[in-house]
Amino acid sequence: TAVATPPYRSRRRAQQAEQTRADILAAAVALFAEHGWAATTVTAVADRTGVVAETVYRIFGSKKEL
């Protein structure tokens, strides 16, 4: 019989993920204020945050949700 192992949970990793989410939001707000929503790309938000665009999409799903 296979033994079920509990899912891996790290408080430190959770804190890092929450900080990344907050950093992305702060970058988005700043860029939206500087350039407007239409002119701000997800790539620009990611670049300012220091992550790849896929990270923004994984966390928020879309530019609209951001």
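Before any of the text, the structure's been laid out above.
It should be emphasised that the depicted structure is a prediction, and the values quoted were computed from it without experimental measurement.

(A) The arrangement of the side chain of Thr49 in detail. If you trace the backbone, Thr49 turns up in helix H2 (residues 42–49). From its side chain, Thr49 meets the backbone oxygen of Val45 in a polar contact 2.8 Å long. Sequence-distant contacts of Thr49, that is, excluding residues within four places in its chain, are made with Thr20, Asp23, Ile24 and Ala27.

(B) Structural context of the pattern of salt bridges. The full count for this structure, using the stated rule, is 1 salt bridge. A salt bridge links Arg48 to Glu34; its shortest N-O distance comes to 3.1 Å. One end of the pair, Arg48, is in helix H2; the other, Glu34, is in helix H1 (residues 11–35), with 14 residues separating them in the sequence. We classify Arg48 as partly exposed; its relative accessible area is 44%. By relative accessible area, which is 48% here, Glu34 ends up partly exposed.

About the cut-offs
- Residues numbered from 1 in each chain as written.
- Predicted model: local features only at pLDDT ≥ 70, side-chain atom pairs only at ≥ 80, totals over all residues.
- Heavy atoms only, no water.
- Helix = DSSP H or I, 4+ residues; strand = E, 2+ residues; numbered from the N terminus.
- Polar contact = N/O pair within 3.5 Å; in protein donor to acceptor, adjacent residues only side chain to side chain.
- Contact = heavy atoms within 4.5 Å.
- Salt bridge = Lys/Arg side-chain N within 4 Å of Asp/Glu carboxyl O.
- Buried < 20%, exposed > 50% of the residue type's maximum accessible area, 1.4 Å probe, protein only.

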